[in-house]
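Overview (structure and organization)
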Amino acid sequence: MSLTAGIVGLPNVGKSTLFNAITNSHVLAENYPFATIDPNVGVVEVPDDRMNQFVEIFHPKKVINTTFEFTDIAGLVKGASRGEGLGNQFLSHIRLTDAICHVVRCFDDADIEHVEGSVDPVRDIEEINLELCIADLDTIVNRLAKVARKAQTGEKGAKEEVDVLQKLKTALEAGTPIRLIELSDKEQAYIRDYSLLTAKPVIYIANMSDEQIADPEANRYYKTVKEFAAKENSECIAICAKMEEELSGLSKEEKASFLDDLGIKESGLDQIIKAAYHLLGLRTFFTVGEPECRAWTFHEGMLAPQCAGIIHTDFEKGFIRAEIYSCEALFEYRTEASIKEHGKLRVEGKDYAMQDGDVVFFRFNV
């Protein structure tokens, strides 16, 4: 299930450094604008402590975690919606993503130039939001001109679409991102294929120094970003991109020890991956056993046959039933035999909506 979060932000805020940490790769990350011109895509494993417990129980020959994609997108400057800097490339690349990880600078460093001459994360956020609003407004205005003509001829659904477009146009002209506008399911359906930039969900990533990451609340910039995110019900995560890049080169044991010394329970990178995964309504079910323990990604609300189809299309076509127990039941009773004895194994049919943490065996016949 290929879903991608785009890493965006003004130049020199730490996007490429964060991307290096995400993929443990070494894309160009230099101290000048537009160091990243072409988007770089990295696939990362989604951290899941449940998989570690499956390994303890089954000692499998193979372990496959679920994954998520991140795209490092070129820096944005004021006027990008009008083609300034790498604006057109930026906008086309971000349209292809499903969510936005917006990195903002929350540290002072005289050696790293800020394109606006000073550090002000809320100003930077609003600058990018405005550019995206302008780009979306162009899309809406162009679409409105076409649909208005259809509405005049009485074409079915055109009048309703015009009403939705007018509603979005008014909001965008006021600088309000579409994700903040209350839309009904029917209204959402009209705009689903427009690839509107400000309709994408956002995680704000406050990049601060390694001296401050142990106590983010003491960072005055972080507080303003956190307050901004709260107003629009978005998530805000504090990281030190430089430290995350260093951590990415360590073993799991070394990484855990390093974080423990700092009094940090979970790395910023792990928080971002989990937040992006869940932001898009993604959940995980498992298939387990001695040959292989594997995590599978599905959309919240998917039914058992659809999830079976994620493994193989034949599983969905010939779906008979799903034999399911929760991972919590396995962790408590330790064996599948004991799970059955305690009545924790369920047999579910075609109407069952899969739940995060389900351990499943699909019965099918083709």
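Residues numbered from 1 in each chain as written. Predicted model: local features only at pLDDT ≥ 70, side-chain atom pairs only at ≥ 80, totals over all residues. Heavy atoms only, no water.

A word on the sheet that holds strand E5 (residues 99-105). To summarise the sheet geometry, strands pair through backbone hydrogen bonds and adopt either a parallel or an antiparallel arrangement. Spatially, six strands are ordered E2-E4-E1-E5-E6-E7 in an open sheet, and the strand pairing comes out mixed. Two strands bound the open sheet, and with one partner strand each, they are strand E2 (40-45) and strand E7 (235-239). When the angles between neighbouring strand axes are averaged without regard to direction, this sheet yields 25°. Note: strand E1 (residues 4-8) against strand E4 (residues 67-72), four bridges, orientation parallel. From the neighbouring strand, Thr-4 faces E4, where its bridge partner is Glu-69. Relative to the sheet, helix H4 (residues 121-152) contacts E5 and strand E6 (202-207), its axis offset from that of E5 by approximately 145°. Running over the sheet, helix H7 (residues 220-231) touches E5, E6 and E7 and is turned about 160° from E7. (Pairing = 2+ DSSP bridges. Helix = DSSP H or I, 4+ residues; strand = E, 2+ residues; numbered from the N terminus. Axes fitted to C-alpha atoms, helices over the stretch in contact; angles between N-to-C directions. Contact = heavy atoms within 4.5 Å.)

Across the five residues that make up E1, a large majority, five, are buried. Of the two faces of E1, the one holding Thr-4, Gly-6 and Val-8 and the one holding Ala-5 and Ile-7 are both buried throughout. Relative to E5, E1 runs parallel, the two being bridged by four bridges. Its bridge partner being in E5, Val-8 is matched across the sheet by His-102. (Buried < 20%, exposed > 50% of the residue type's maximum accessible area, 1.4 Å probe, protein only.)

Counted residue by residue, helix H1 (residues 15-23) has seven buried out of nine residues, so it is predominantly covered. For H1, the set of buried residues is Lys-15, Ser-16, Leu-18, Phe-19, Asn-20, Ala-21 and Ile-22. Positive backbone phi, approximately 55°, marks Asn-24, located one or two places after H1.

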